[in-house]
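# An overview of the molecular structure
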Amino acid sequence: PAPERSPQGRGGPGSTGPSFLTYLPAGLRQTGPCARTRAGDRETTSCRWSGPGGVIELKLVRGPALGGPADIGSMPSIASPARVHDQPALRADRAPGGSQVAWLERPDVGVWLGVGAALNEQLMRIAEGVRVPS
């Protein structure tokens, strides 16, 4: 199902794009429209929210060759197992002082979510609120 529309996760001011986040900590706003890039058989949609409460970065990776969370990229070699949406995930620290988590939402769609240090305690709550459009 398509995610709900909300001012928090839209593709930028005035956008009618889908909301990727159903939970957004207070004081954060999207910094601009989400960007789409293509490399080979993968398409990546990147979005960013920031404000006095911290920073959130989200990447949705679509491609046929995703075998697990490590295939999404941006994960360090030392990561801990986790679960998001009842799917296996990898969670790790990220410089400077933030944290990140990655998982496969579906066989052809991976999600990477990173937060700044101020939001480390809310990383998994934010991740559970990610909604990926079909």
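What you see is a predicted model, and the numbers here were worked out from it, not measured in a lab. Here the residue numbering is sequential within each chain, running from 1 through the sequence in written order. Given that this is a predicted model, residues contribute local features only at a pLDDT of at least 70 and side-chain atom pairs are listed and counted only at 80 or more, while totals for whole chains, interfaces and linings are drawn from all residues. Here the side-chain values reflect all heavy atoms present in the structure, with hydrogen atoms and water set aside.

Attention now goes to the nonpolar core. Within this scheme, the nonpolar core is defined by two criteria: the residues are buried Ala, Val, Leu, Ile, Met, Phe, Trp, Tyr or Cys, and they are joined through side-chain atoms within 4.5 Å. Buried, partly exposed and exposed residues are distinguished by accessible area as a fraction of the type maximum, computed with a 1.4 Å probe on protein chains only: under 20%, between the cut-offs, and over 50%, respectively. Ranked by internal contacts, the top residues of the largest apolar core, which has 25 residues, are W49, I56, L58, V101, W103 and L113. Think of it this way: any DSSP run of H or I at least four residues long counts as a helix, any run of E at least two long counts as a strand, and we number them from the N terminus. Listed by contribution, the elements that provide at least two residues to this core are β3 (42–51), β4 (54–62), β5 (80–84), β7 (98–106), β8 (109–115) and α1 (123–128). Of the residues forming this core, the biggest block, 4 residues, is contributed by β8. The next biggest cluster of nonpolar side chains, apart from the first, holds 8 residues, and it includes L66, M75, A92 and L104.

Moving on: the environment of R91. Relative to the helices and strands, R91 resides in strand β6 (residues 87–94). Residue classification places R91 among the partly exposed residues on the basis of a relative accessible area of 30%. Spatially, the C-alpha atoms of R91 and G114 are 9.7 Å apart, while their sequence positions differ by 23 residues.

Ring geometry is summarised as follows: Phe, Tyr and Trp rings, the Trp one being its six-membered ring, pair when their centres sit within 6.5 Å, and such pairs are stacked at plane angles under 30 degrees, edge-to-face over 60 and tilted between the two. Summed over all chains, the structure comprises 0 aromatic pairs. Residue placement shows K59 over the ring face of W112; its charged tip is 5.2 Å from the ring centre. Over a ring means this: the NZ of a Lys or the CZ of an Arg is within 6 Å of the ring centre and within 35 degrees of the ring normal. Sitting over the face of the ring of Y23, R125 holds its NZ or CZ atom 3.7 Å from the ring centroid.

Note on placement: S99 falls in strand β7. Any two residues having at least one pair of non-hydrogen atoms within 4.5 Å are treated as being in contact. Apart from the residues lying within four places of it in its own chain, the contact partners of S99 are R91, A92, D93, R94, L113, G114, V115, N120 and L123.

Right, let's get into the environment of S80. With respect to the helices and strands, the residue S80 is situated in strand β5. Judged by relative accessible area, which is 42%, S80 ranks as partly exposed. Along the chain, S80 and V101 lie 21 residues apart, while their C-alpha atoms are 9.2 Å from each other. Setting aside residues up to four positions removed in sequence, S80 forms contacts with A89, L90 and R91.

Take the pattern of salt bridges next. For this analysis, a salt bridge means a side-chain nitrogen from Lys or Arg found within 4 Å of a carboxyl oxygen belonging to Asp or Glu. Here the structure, examined in full by the defined rule, presents 3 salt bridges. One salt bridge in this structure joins E57 and R48, with 3.1 Å as the shortest N-O distance. One salt bridge in this structure joins R94 and E57, with 2.2 Å as the shortest N-O distance. Note that R94 is positioned in strand β6 and E57 in strand β4, a separation of 37 residues in sequence. Taken together, the shared-partner salt bridges in this structure form one network comprising R48, E57 and R94.

Another point: the state of the cysteines. Cysteine pairs can be covalently joined through their sulfur atoms, and such a bond is termed a disulfide. Cysteine sulfur atoms are paired as a disulfide whenever they come within 2.5 Å of each other. If you walk through the whole model with that rule in mind, you get 1 disulfide. Through a disulfide, C34 is tied to C47; the S-S separation comes to 1.9 Å. Where C34 bonds to C47 through sulfur, the torsion about that S-S bond is close to 115°, and the disulfide is right-handed. Taken together, the residues C34 in the loop between β1 (29–30) and β2 (35–39) and C47 in strand β3 connect sequence positions 13 residues apart. Residue classification places C47 among the buried residues on the basis of a relative accessible area of 5%.

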